[in-house]
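Descriptive structure summary
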Amino acid sequence: MDFDLLRSFQEVARRGSITAAARGLGVSQPSLTLAMQRLERELGTTLLHRGRSGVALTETGLALARDVDDILAMVARTEQRIRGLEEEETGRFVVGCHESLGAYFLPAFMQSFLVEAPGIELTLWNGASAGVRDAVVAREVQFGVVVNPSPHPDLVLVRMFDDAVDFFTAEAPAGTLAAAYDRIRRGPLVHAKRVTESQALITQLEGEGVVAERELACGDFELVKTLVVEGIGIGILPRRVAAYGAGEDLVRLHPDLPHFDDAIHLVYRGDLHKTRGAMRLKDALVAHGKALRSAPRSSTGRKSGPVSSR
């Protein structure tokens, strides 16, 4: 249905005259007459009784007149909302990330962003990095904060900051590499079993003859961290996860132990609708992520190749 025709009919119904409505709309009387005839053809009905004194609404004309104000008001609200999404900092978005990563990345970000961009509504989506990446591809998540994402032709990857998976203790660090090996052997070695980097580090140590007498496998890094803070063995953790909230409770066991370097990226679809709200959120996430580059992070130690897992 042509909304311009409805607006013209609204004016005719209000004034009771095509001539008066034409003057009000700034169009000619013949063109408005043709417009009303076209609307009647589209609806398959007669809307107006035409007489010398003006026009009167038929039964269907009265029915349309009762609804036309609501129809056009709804259209106006929709147009305003769409323009707002394009031109204003508004919109609803889903941000995805791994729970442990989000625990240190999101609080400071949310604290400032929710104040600075009150018109943008956020929902958080948690899962492993591979799951977050796939959710972005599937359009379930608009922005993902992902560790070591694998490339995808539909995705844009923006590298924000780095991390590394390493060995941590709540006790004093080992004075020598041999002492660190002895402490790992005594165990228990606490790790997140489903994390590829953790398993790869264990395998690498086993290849060097360093096998923990006891292992304590957990479901996630948060539990690993809690147990190690309480003095239960040696933990395998990302350095930033070990650092946030724990102060100086956790230290690297020894700088020469093997570790895995991680790269944290912001991931979004290349065809993301770049509304003002979407770009405001994207820029804020990237700025917050890049600000973390200056946070303390040791880079010493033997490196192995990065593995995508979290």
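Residues numbered from 1 in each chain as written. Predicted model: local features only at pLDDT ≥ 70, side-chain atom pairs only at ≥ 80, totals over all residues. Heavy atoms only, no water.

**Description of helix α8 (residues 196-207)**
Its 12 residues place the ends of α8 16 Å apart at the C-alpha level, agreeing with the 16 Å of an ideal helix rising 1.5 Å per residue. Buried within α8 we find Glu197, Ser198, Leu201, Ile202 and Leu205. In a view along the axis of α8, the buried residues occupy a sector of 135 degrees, so they form one face of it. In this structure, α8 carries Thr203 and Gly207 as exposed residues pointing more than 90 degrees from its buried face. (Helix = DSSP H or I, 4+ residues; strand = E, 2+ residues; numbered from the N terminus. Expected span 1.5 Å × (residues − 1). Buried < 20%, exposed > 50% of the residue type's maximum accessible area, 1.4 Å probe, protein only. Arc of directions from axis to C-beta.)

**Remarks on the pairing of strand β8 (residues 215-218)**
Sheet topology places strand β7 (residues 189-192) next to β8; 4 bridges connect them, and they run parallel. Each bridged residue has a counterpart across the sheet, and for Val190 the counterpart in β8 is Leu216. This β-α-β element, β7 to α8 to β8, shows right-handed connectivity. (Pairing = 2+ DSSP bridges. Right-handed = clockwise from strand over helix to strand, strands pointing away.)

**Some remarks on helix α2 (residues 18-25)**
The α-helix advances 3.6 residues per turn, and as a result positions three or four apart in sequence lie on the same side. Among the residues making up α2, those that are buried are Ile18, Ala20, Ala21 and Ala22. In the core, the buried residues of α2 are packed alongside α1 (3-15), α3 (29-43), β1 (48-51) and β2 (54-57). For α2, the N-terminal capping position is held by Ser17, with its side-chain oxygen 3.3 Å away from the main-chain nitrogen of Thr19. Gly26, located one to two residues past α2, shows a positive phi value of around 75 degrees. (Contact = heavy atoms within 4.5 Å. Polar contact = N/O pair within 3.5 Å; in protein donor to acceptor, adjacent residues only side chain to side chain.)

**Section: the packing of α1 against α2**
Remark: α1 packs on α2, axes separated minimally by 8 Å, with the N-to-C direction vectors making an angle of 125 degrees. Here α2 runs oblique to α1, going by the angle between their axes. Here α1 and α2 pass one another in a crossing that is right-handed. Only Ile18, Ala20, Ala21, Gly24 and Leu25 of α2 make contact with α1, whose side of the interface consists of Ser8, Glu11, Val12 and Arg15. (Axes fitted to C-alpha atoms, helices over the stretch in contact; angles between N-to-C directions. Parallel < 35°, antiparallel > 145°, perpendicular 65-115°, else oblique. Left-handed = near helix turned anticlockwise from the far one by under 90°.)

**Description of unusual backbone geometry**
With the exception of glycine, most residues fall at negative phi, and the peptide bonds are largely trans. Here the residue pair Gly187 and Pro188 is connected by a cis peptide bond, since its omega of -5 degrees sits within 30 degrees of zero. Considering the arrangement of structural elements, one finds Pro188 in the loop between α7 (177-186) and β7. Residue Arg139 is not a glycine yet carries a positive backbone phi of 70 degrees. Inspection of the secondary structure assignment puts Arg139 in the loop between α6 (129-137) and β5 (143-147). For Arg139, a relative accessible area of 47% gives the class partly exposed.

**Some points on the environment of Gly102**
For Gly102, the location among the structural elements is in helix α5 (residues 99-116). Since its relative accessible area comes to 7%, Gly102 is described here as buried. With 23 residues separating them in the primary sequence, Gly102 and Trp125 have C-alpha atoms 9.9 Å apart.

**Topic: the pairing of strand β4 (residues 120-126)**
As judged from the 7 bridges shared by strand β3 (residues 91-97) and β4, these two strands associate in the parallel manner. When the bridges of β4 are listed, Cys97 appears paired with Asn126. Once the chain exits β3 it traverses α5 before rejoining the sheet at β4, and the crossover so formed is right-handed.

**Considerations on the confidence of the model for the protein**
Chain-level statistics for the protein give a pLDDT mean of 89 and a share of 93% at 70 or above. Overall, residues 296-309 carries pLDDT values under 50, and its contacts beyond four positions in sequence, including any with other chains, amount to 47 contacts. (pLDDT = per-residue confidence, 0-100.)

**Some remarks on the pattern of salt bridges**
All told, the structure shown has 19 salt bridges when counted by the stated rule. Asp166 is paired through a salt bridge with Arg252; the nearest N and O atoms lie 2.7 Å apart. With Asp166 in strand β6 (residues 155-169) and Arg252 in strand β10 (residues 251-252), this pair connects stretches of sequence that are 86 residues apart. One exposure class covers both Asp166 and Arg252, and it is buried. A cluster of three or more residues bridged by salt bridges with shared partners is formed by Arg139, Asp154, Arg269 and Asp271. (Salt bridge = Lys/Arg side-chain N within 4 Å of Asp/Glu carboxyl O.)

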